[in-house]
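So the chains spell out like this:
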Amino acid sequence: QAGSDQAQTGTVTYDVPVVSTPEITIVKSGYVYDTADFGRDYTGPDGKADSAGDTVDYTLTVSNAGNTELTHVVVHDNYFSKANDQQSGMSDPVGKQISYTLASENNTTTHYTTVKPDGTIDLGTLAVGDKALISYTYTVVQADINAGTDLVNTAQAGSDQAQTGTVTYDVP
């Protein structure tokens, strides 16, 4: 019996590892506007609050710094939750909308979200390289001045894929 001239071929597999590195970052800044300086002007990024009615403009920048889309991005800010207190000077109280700007590779859009009772806002999904800029104003109330303690504003961001540390902005 004659043999076959045809060669048998085998299967070759080559595995290419895929590296997924989700990373979320958060940066906080503030700027104090001193409304009644009592002979001292404390206005500026290193300003001080010395009277009711002074304002602090806060900006949070939440960024997708990894190579993976981030879903259910949530930001917690302890001044969001201060809005539960009727004495608070928060300009965007719980249940009301706060705006944020989403900057992606090709465009910038404005979005709105609602401050939840737990002091969080939901940013939805951040694509790779996206940044969300959240700005709001806190108005100093007399109770802040009477307490005599710094206004310590703390924020955190997280998603289903990544968590970040805490950032703080301290106004003396």
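Residues numbered from 1 in each chain as written. Predicted model: local features only at pLDDT ≥ 70, side-chain atom pairs only at ≥ 80, totals over all residues. Heavy atoms only, no water.

Some words on the overall build of the protein
Here's step 1: Helices and strands together make up the secondary structure of the protein, namely two helices and nine strands.
Here's step 2: In the protein, buried positions account for 35% of the 172 residues.
Here's step 3: Long-range pairs, those at least 24 residues apart, make up 66% of the contacts in the protein between residues at least 6 apart in sequence. (Helix = DSSP H or I, 4+ residues; strand = E, 2+ residues; numbered from the N terminus. Buried < 20%, exposed > 50% of the residue type's maximum accessible area, 1.4 Å probe, protein only. Contact = heavy atoms within 4.5 Å.)

Here we look at the pattern of salt bridges
Here's step 1: Evaluated as defined, the whole model comprises one salt bridge.
Here's step 2: For the salt bridge of Lys28 with Asp77, the shortest nitrogen-to-oxygen distance reads 2.9 Å. Residue Lys28 is located in strand E1 (residues 24-33), and its partner Asp77 is located in strand E3 (residues 70-77); the two are separated by 49 residues in the primary sequence.
Here's step 3: Since its relative accessible area comes to 10%, Lys28 is described here as buried. (Salt bridge = Lys/Arg side-chain N within 4 Å of Asp/Glu carboxyl O.)

Observations regarding unusual backbone geometry
Here's step 1: You will see that His72, though not glycine, has its phi angle at about 50 degrees, which is positive.
Here's step 2: When you line up the elements, His72 lands in strand E3.
Here's step 3: When its relative accessible area of 41% is taken as the criterion, His72 is described as partly exposed.

Quick word on the nonpolar core
Here's step 1: Core analysis: the biggest nonpolar cluster contains 33 residues, and Val62, Val75, Phe80, Leu123 and Ile134 have the highest contact counts within it.
Here's step 2: Once residues lying within four places of it in the same chain are set aside, the contact partners of Ile134 are Tyr58, Thr59, Leu60, Val62, Val75, Phe80, Ile98, Ser99, Tyr100, Ile121 and Leu123. (Core = buried A, V, L, I, M, F, W, Y, C linked by side-chain atoms within 4.5 Å.)

Points about the packing of aromatic side chains
Here's step 1: Per the stated rule, a full pass over the model turns up two aromatic pairs.
Here's step 2: Seen in terms of ring centroids, Tyr31 and Tyr33 are 4.8 Å apart; in terms of plane orientation they differ by 50 degrees. Their pairing is tilted.
Here's step 3: What makes Tyr31 partly exposed here is its relative accessible area of 31%.
Here's step 4: Where Tyr58 meets Tyr136, the ring centres are 5.4 Å apart and the plane angle is 35 degrees; that geometry is what we call tilted. Of this pair, Tyr58 sits in strand E2 (residues 55-64) while Tyr136 sits in strand E7 (residues 131-139); the two residues are 78 residues apart in sequence, bridging distant segments of the chain.
Here's step 5: What makes Tyr58 buried here is its relative accessible area of 0%.
Here's step 6: Taking relative accessible area as the criterion, Tyr136 reaches 3% and is therefore assigned buried. (Phe/Tyr/Trp six-rings, centres within 6.5 Å; stacked < 30°, edge-to-face > 60°.)

Brief notes about the confidence of the model for the protein
Here's step 1: On average, residues of the protein carry a pLDDT of 82, and 85% of them reach 70 or more.
Here's step 2: Ranking the elements of the protein by mean pLDDT puts helix H1 (residues 78-81) last, at 73, and E3 first, at 93.
Here's step 3: Note on residues 83-92: pLDDT under 50 across the span, and 25 contacts to partners over four residues away in sequence or across chains. (pLDDT = per-residue confidence, 0-100.)

A short note on the pairing of E1
A regular strand places its side chains so that they alternate between the two faces of the sheet.
Here's step 1: Across the two faces of E1 the burial differs, with Ile24, Ile26, Lys28, Gly30 and Val32 buried and Thr25, Val27, Ser29, Tyr31 and Tyr33 not buried at all.
Here's step 2: Alignment of E1 against E2, held across ten bridges, turns out to be antiparallel. Paired with Tyr31 across the bridge in E2 is Asp57. (Pairing = 2+ DSSP bridges.)

As for the side chain of Asp34
Here's step 1: Summarising the element assignment, Asp34 is placed in the loop between E1 and E2.
Here's step 2: A relative accessible area of 11% means that Asp34 is categorised as buried.

What to know about the environment of Tyr136
Here's step 1: Separated by 106 residues in sequence, Tyr136 and Gly30 place their C-alpha atoms 9.7 Å apart.
Here's step 2: A polar atom in the side chain of Tyr136 sits 2.8 Å from the side chain of Asp77.
Here's step 3: A polar side-chain atom of Tyr136 sits 3.2 Å from a polar atom in the side chain of Asn153. (Polar contact = N/O pair within 3.5 Å; in protein donor to acceptor, adjacent residues only side chain to side chain.)

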